[in-house]
Amino acid sequence: MFKKVCAFAFALIMTLPTQMPVFAVETPENPNETILQQALEIDAEIDVQQSEDFQVVSINSEGAISRASNKSFEEKAIQMVETNGEMAEVTTIVPYKMLPNGEMVNSFAYQSLQVQGTGKTPVPVKFVDVTVTTIAYYAYYQHINGAPFYYRHAGLETYWSSSNSTASISILDVSFESKGELHKYPDCTTDLSLNEADSMVQEEYFIRSSVYQTNPVKDKVYIDGQHAMPTNRALRCVYYDEHGGLVSMELSYSVNGKNYNDRYSYYAYEKTS
């Protein structure tokens, strides 16, 4: 009986596939997603549950150099655009990694350094220690024929947050600028002949909201809501590259007696004419 059982077992084994089963191995989380999640966990005003509404975007930086390696990298941020009827707000968060010596570098540049150094995507580590957030507010209107589009500059908010108790910022300088043709609203959106000269109030119009704060308090929101266009006016940004609702941010801080400055900019308005 024992021999029969052994023979049956051997026959059964021989009929099984010779290839060993492959088990799923959990891979490291996408580094960009890790940075996004860590930034939202630090930000004092935004719910981390809103992570699906954010995306990683490129931002302009003057001489974007990673001080950790003295190499240039494309600087990035995370951004969310929320709309409520005609109103829109563009929330942009620039994340920073603090180096052991206290200097700060863009978290995405820091992550790129880890990849270059090892040739592999790094296992998730702490990429974010500080975040600087700007929110640009505006209204947008569309002509009844579909185009052109018009905008109403409505103000700016900014603040910074950190999970590191040693982090500090000496100057937070943020601005939101709009420029273009100033028109009467809603006349500019309902004129069937598109004779914009009838609704135009001023050919070249400029408005700027700004916050300049020395030694800004962590997690305190600074607002410029005074420089906003009246609700019966709208702006046509004729040349997007010059008039696209430019948001600029300059961050200054010092470490061991040495001063550092980071400058970023991006456009808040959609690329429409």
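Residues numbered from 1 in each chain as written. Predicted model: local features only at pLDDT ≥ 70, side-chain atom pairs only at ≥ 80, totals over all residues. Heavy atoms only, no water.

Turning our eyes to something else, we now look at the overall build of the protein. The helix and strand tally for the protein stands at five helices and 15 strands. In the protein, buried positions account for 42% of the 273 residues. If you take every contact in the protein between residues at least 6 apart in sequence, the share linking residues at least 24 apart comes to 68%. As presented, the protein carries roughly 15100 Å² of accessible surface, and 50% of it is formed by carbon and sulfur atoms. (Helix = DSSP H or I, 4+ residues; strand = E, 2+ residues; numbered from the N terminus. Buried < 20%, exposed > 50% of the residue type's maximum accessible area, 1.4 Å probe, protein only. Contact = heavy atoms within 4.5 Å. Areas by Shrake-Rupley, 256 points an atom, 1.4 Å probe, with all protein chains shown as cover.)

Tallied over the entire structure, the rule returns nine aromatic pairs. An angle of 75° between the planes, with centres 6.0 Å apart, marks the rings of F176 and Y269 as edge-to-face. Here F176, found in strand β10 (residues 171-184), pairs with Y269, found in the segment after β15 (258-267); they are 93 residues apart in sequence, far enough to count as distant. In this pair, the class of F176 matches that of Y269, namely buried. By way of ring pairs, the aromatic residues Y138, Y140, Y151, F176 and Y269 are connected into one cluster. (Phe/Tyr/Trp six-rings, centres within 6.5 Å; stacked < 30°, edge-to-face > 60°.)

Bridge count between β10 and strand β14 (residues 246-255): seven bridges; the pairing is antiparallel. From the neighbouring strand, I171 faces β14, where its bridge partner is S252. As paired strands, β14 and β15 are joined by ten bridges and run antiparallel to one another. Along β15, the bridge assignment pairs S252 with N261. Between the antiparallel neighbours β14 and β15 lie two residues, among them N256 with a positive phi of about 55°. (Pairing = 2+ DSSP bridges.)

Quick look at the environment of S254 now. When you line up the elements, S254 lands in strand β14. Judged by its relative accessible area of 41%, S254 is partly exposed.

Moving on to the confidence of the model for the protein. A residue-level look at the protein finds 78% of positions with pLDDT of 70 or above and a mean pLDDT of 82. Across residues 1-28, where pLDDT falls below 50, the model places three contacts with residues more than four positions away in sequence or in other chains. (pLDDT = per-residue confidence, 0-100.)

Here we take up the side chain of D129. Residue position: D129 is located in the loop between α3 (107-118) and β8 (130-142). Relative accessible area serves as the criterion here: at 5%, D129 is assigned to the buried category. Setting aside residues up to four positions removed in sequence, D129 forms contacts with I42, Y96, K97, M98, S161, S162, S163 and N164.

Time to look at the environment of S61. With respect to the element layout, S61 can be found in strand β2 (residues 60-61). Separated by 187 residues in sequence, S61 and S248 place their C-alpha atoms 9.7 Å apart. Apart from residues no more than four positions distant in its own chain, S61 is found in contact with E75, R263 and Y264.

A few words now on the nonpolar core. Formed by 37 residues in total, the largest nonpolar core has its most connected members in Y96, V132, M249 and L251. If you list the elements that add at least two residues to this core, you get β6 (87-98), β8, β9 (149-162), β10, β11 (200-214), β14 and β15. Ignoring anything within four residues of it in the chain, the contact list for L251 reads Y96, M104, V132, I169, I171, L172, Y260, N261 and D262. F54, L99, F127 and V128 belong to the second largest nonpolar core, which has 17 residues in total. (Core = buried A, V, L, I, M, F, W, Y, C linked by side-chain atoms within 4.5 Å.)

Taken as a whole and judged by the stated rule, the model has three salt bridges. One salt bridge connects K97 with D129, and the closest N-O pair in it is separated by 3.8 Å. A residue pair is termed long-range when its members are at least 10 positions apart, and K97 in strand β6 and D129 in the loop between α3 and β8 qualify at 32 residues. Judged by its relative accessible area of 13%, K97 falls in the buried class. Between E177 and R208 there is a salt bridge, with its nearest N and O atoms 3.0 Å apart. In this pair, E177 is assigned in strand β10 and R208 in strand β11, connecting sequence segments 31 residues apart. (Salt bridge = Lys/Arg side-chain N within 4 Å of Asp/Glu carboxyl O.)

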